[in-house]
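Residue strings, one per chain:
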Amino acid sequence: MTSPSEFNSAEPAPAQGWRERVQASLVARMPPGSRRRAVATAARETARDLRATAESLRRHWTAPAVAEIPAPPYPLWLLGHRASRTELAAQRARADEVAGGLQVLVVVLPGEGDLGATLESLAAQSSPWWSALVCGRVPSGGSDERVTAVSDADPGAAVAGRLADAGRAMTLLLRPGDRLAPDCVFEVALAVHRAPAADLVTWDDDVAVGRAHGDPRFRPAWSPELLLGDDYVGRAFALRASTILAAGGLGPLADPAAHWDLLLRAGLPAERVRRITRVLSSIPARTTVPDDAAVSTVQAHLDRSALHGRAVAGRHGGVRILWELPQWPKVTVVVPTRHNRDVLRSSLPSVAASDYPAFDVVVVDNGDRTPENEQWYAGLDLGIDLGVLWWDRPFNYSAVNNAAATRSDAEVLVFLNDDTEILDPSWLRELVGWAVQPAVGVVGLQLLDPTGLIQHTGVVIGMSGFADHVFAGMERGSTGMYGPSDRIRNVLAVTGACCAVRREVFDAVGGFDERFRLTGSDVALGLAAVLAGRRNVCSPHAPVRHLESATRGTTVPAEDYFASYWRYNPWLFGGDPYWNPNMSLRSRRPRLRARTEPPPAEWVGRVIGRDLTAYRQRSDADESRRLAAMCQVRDADVAAIRDTHAENRDRFPVRTVNWFVPDIDSPFYGGINTALRTADLLAREHGVENRFVVWGQPPDHFVRSALAAAFPRLADSPIAFYDESMDLGRVPAADAGIATLWTTAYALAHAPGIRRKFYLVQDYEPMFYPAGTQYALAEESYRLGLYGICNTANLRRVYEEEYGGRAMSFTPAVDPAVFSADGRPARRDGDPVTVFVYARPGHWRNCWELASAALTELKRRLGDRVHIVTAGARAVGGDDGGAMEHLGLLDYRATGDLYRRSDVGLALTVSRHPSYLPLELMASGVPVVAFDNPWGHWLLRDGENSLLARRTVDSLADQLERLCTDAELRERLGVQGLADVMAGHADWDRALGGVYDWLCDPEGDRP
């Protein structure tokens, strides 16, 4: 930071160099202590911070590889990841509760191998809730009554009969010599105890020969497209017996593709599958399905599904699908360039050699539009429909591609870097064949570097920090702990260097996000497609050569990283489902993750200068002393506010508003989202210039990117910072200032040059704390004389009647684009009732301890009849004994879909504030259980649109059980709750419509 002492002399020295003369001139024009000096100093410091941040980002993220923590040898790693004796003992104690009376059925199919080893591993299970059917002779000495042998020449009928008797039992299909880890049966039972609607559970496995273990295989989450190309699950799964029968039963028991064929025939959606990321079984050898069996298995699936494709053997095993569409859709290939003829000379002819029947190429040229350059394109004789769009604005990768897409009428859009070379004429058929599949979003191809090594086979979020390419630097066809590198894979995203997407999908998600200038929008496009319910794939077939960044180099704008943070956020914290947490994110080549490897959020946080640890409320002595020193006000300060308001009591149009906000954690939720939504409305409807005064430290990248992520119109708003010193000299004058949290009310009270001062009161904030210093300081903020803007009439009454303020109020709403009952899935007979609760144990007012205890009791009462789901930054599991399934942090757009899949919502608060959660659940058609809190009666009516409970575990559990077991009651309350929300809470613009008039005339009539 620059110290004023550097410029502490206005008297020039006798012999001055040019630096001294410049300094003297600056001092003369901007004396120390002047506002001009403060502004100049702030600008210089901001510029310095910008350069430092950009350099830090580039240093960390443009290196050819990231620093790797040495991976442990697999035997040592396995030793640290096996269930301990203590854990196994605890499992034995809980086995009855978790099993819920349902046994796990183990069928040992015919085959060569050490059947004795398989049975020994069963006998060692921590849970006794299993039975086994062995197709063959049980070794002598086996006397376990849970094991039944079938020695018939054709044991298929016996297996089918046992499956019919097993009902919904989870069923393992092993071969002789397979071994289960001692906790396998328990972990399978626990998985379906948490998620009773699950039909399939998968896990990781390894190869065991004697006591030696090696060759582990770590699997992604459920990957339907990968399953079309590879038997990637193997035998490491358990499937409901009823699901096996519904899929047509087992095929020939000796078929080497029997397990693969069964999973394809089952056709399960992702919500019916759960993955256990632990090594729970071992096989005697890692074998592959013979080509003829693999091809016939996949072809049979294509024929059953009426998919127009032909299965053929892959180059290094597995299966490739050659799509044979009845009619190939028109394609536009978009190629951005800076008139780089050196790469276009090889790229464009290779595209022209494609064997696709109907495509055109649009080159978007950001170079100089000269007659010579135009003639160069005109002189190309490629035999294809080639158009050139000249781009004379600053280069923005997203905008360039969007502009070309807008000018195209093609059904499929292909985006291709100019520094690529097509190696296989069938590349467009490969891309388009996958892209037109209804469940698929964005499709990419494997990219090779100039030496022929893999450069890209899909993007993994969190790898190398933000995101990176898996298998980079490996040989094609190589195989390791993540499986073969040349199988089609489901991924969260693919690189924009070569990708395809249907026009309808591209338009539905808004195309490429133009908040990204150069990099990251391709990943954001893939994530948007996932949030829209699609799956993205990357094919290794028809690979493309890529000279990465040959046109524009490797320099990445700093703001692209911050934009990436907000778009990648849920997966940075919660993990990429198509990666496996047992593998390192510090290596593009799959390898074991060391225990000391930090999570990607920690790495990203260091780079962007943020502590990304999930918030937990504090009320200790140090915090209290710090806030007491910061939040000071005298009678004279309050009198000054009163006098300022008296001087400006007449109505006038408000043109500038300074928003005093705390440091932004997430702009998508809660009170800060409402504040930003209000600012956006003021700008959009009334032309107000919003400024943001942030309690934090510059630079402003993080805050500005947060504004842009939630409300793009606010992205260019001026931003100022202040800290605990309450030095507000850099805050610009404004017509109005609005505090948004009690600590910011003290800052606003001291801010000069603001004609009217308001307080956006969205909660009764003293109740955030026990009675004490912080309670007192928060309560005192209501007595500062600020005009109130209160979220609900309840808080307005509190502000006026208890604290003598003057206020208006609004009634909150929901965003119908996110929270809607449209598309609620139909329940299947026998499905468990899904109960949702927002996990927020770091905030005391949400009573997580009561909620979790009540839900654990509900699970004890109803068992597999109820599925309890939590989400939120702190929803990462805990001491609930496996009663709940914790989904972790979700993208805000995904919360609506989660609510629509829920049958009951639990929303607790003891504060006077209007929690948005009941509104959002009711808008999604979900009946709510809440506390009988009078402050919530503005929305919740017991027995009419919700059930209200006493603030005790048993009362909450009783009301939850009542809703879970009474479908008619759920329907009635859900319908009425939805009607109430739609009648009065479905339009934010209408809800906030009176705020601007109140800012202009707070002494007039109040809305």
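Residues numbered from 1 in each chain as written. Predicted model: local features only at pLDDT ≥ 70, side-chain atom pairs only at ≥ 80, totals over all residues. Heavy atoms only, no water.

### As for the sheet that holds strand 38 (residues 946-949)
One open sheet holds the six strands; their spatial order is 35-34-33-36-37-38, and the pairing between them is parallel. A single partner strand is all that each edge strand has here, and the edge strands are strand 35 (884-886) and strand 38. Here the strands of the sheet are splayed against their neighbours by 25° on average, with no regard to which way each runs. Sheet analysis places strand 37 (residues 928-931) next to strand 38, joined by four bridges and oriented parallel. (Pairing = 2+ DSSP bridges. Helix = DSSP H or I, 4+ residues; strand = E, 2+ residues; numbered from the N terminus. Axes fitted to C-alpha atoms, helices over the stretch in contact; angles between N-to-C directions.)

### Remarks on the UniProt feature "domain: WsaF N-terminal" (unreviewed entry) in the protein chain
UniProt records the feature "domain: WsaF N-terminal" (unreviewed entry) at residues 658-784, using the numbering of this structure. Segment residues 658-784 splits into 35% helix and 24% strand. End C-alpha atoms: 18 Å apart. (UniProt positions renumbered as here; feature names shortened; annotations may be inferred.)

### Side note on the pairing of strand 26 (residues 656-662)
Burial analysis of strand 26 places six of its seven residues in the buried class, which makes it a mostly covered element. Both strand 26 and strand 27 (residues 689-695) contribute to a ladder of seven bridges, which runs parallel. Counterpart to Pro-662 in the pairing with strand 27 is Trp-695. The parallel pair strand 26 and strand 27, bridged by helix 22 (residues 670-686), forms a crossover whose chirality is right-handed. Across four bridges, the pairing between strand 26 and strand 29 (residues 734-739) is parallel. Looking at the pairing, Phe-660 lines up with Ala-739 of strand 29. (Buried < 20%, exposed > 50% of the residue type's maximum accessible area, 1.4 Å probe, protein only. Right-handed = clockwise from strand over helix to strand, strands pointing away.)

### What about the pattern of salt bridges?
Taken as a whole and assessed by the stated rule, the structure comprises 61 salt bridges. A salt bridge links Asp-230 to Arg-487; its shortest N-O distance comes to 3.1 Å. Highlighted residues: Asp-230 in the loop between helix 8 (224-229) and strand 8 (237-240) and Arg-487 in the loop between strand 22 (483-484) and strand 23 (489-491), separated in sequence by 257 residues. This pair shows no difference in class: Asp-230 is buried, exactly as Arg-487 is. Close ionic contact of Asp-735 with Arg-755 constitutes a salt bridge, the shortest N to O distance being 3.8 Å. Note that Asp-735 is positioned in strand 29 and Arg-755 in strand 30 (residues 754-761), a separation of 20 residues in sequence. Taken together, the shared-partner salt bridges connect Arg-168, Asp-199, Arg-240, Arg-272, Arg-828 and Asp-831 into one network. (Salt bridge = Lys/Arg side-chain N within 4 Å of Asp/Glu carboxyl O.)

### Some details on the sheet that holds strand 30
Strand order in the open sheet formed by seven strands is 28-27-26-29-30-31-32, with parallel pairing between adjacent strands. At either end of the open sheet lies a strand with only one pairing partner, and these are strand 28 (719-722) and strand 32 (807-810). Recorded for the sheet is a direction-independent mean angle of 25° between the axes of neighbouring strands.

### A look at the nonpolar core
Counting residues in each nonpolar core, the largest one holds 80 residues, and the members touching the most others are Val-331, Val-333, Val-414 and Trp-427. The dominant element in this core, judged by the number of residues it contributes, is helix 15 (residues 427-435), at six residues. Leu-492, Trp-988, Ala-991 and Tyr-996 belong to the second largest nonpolar core, which has 63 residues in total. (Core = buried A, V, L, I, M, F, W, Y, C linked by side-chain atoms within 4.5 Å.)

### Things to note about the confidence of the model for the protein chain
Taken over all residues, the pLDDT of the protein chain has a mean of 90, while the share at 70 or more is 91%. The low-confidence segment residues 32-65 (pLDDT under 50) makes 60 contacts with residues lying over four places distant or belonging to another chain. (pLDDT = per-residue confidence, 0-100. Contact = heavy atoms within 4.5 Å.)

### Some points on the packing of helix 18 (residues 558-574) against helix 19 (residues 600-608)
Across the interface, helix 18 lies against helix 19 with an axial gap of 10 Å and an inter-helix angle of 160°. Classed by the angle they form, the pair helix 18 and helix 19 counts as roughly antiparallel. The two elements helix 18 and helix 19 meet at a crossing, and its hand is left-handed. Contacts between helix 18 and helix 19 involve Phe-562, Tyr-565, Leu-572 and Phe-573 on the former and, on the latter, Pro-600, Ala-601, Val-604 and Ile-608. (Parallel < 35°, antiparallel > 145°, perpendicular 65-115°, else oblique. Left-handed = near helix turned anticlockwise from the far one by under 90°.)

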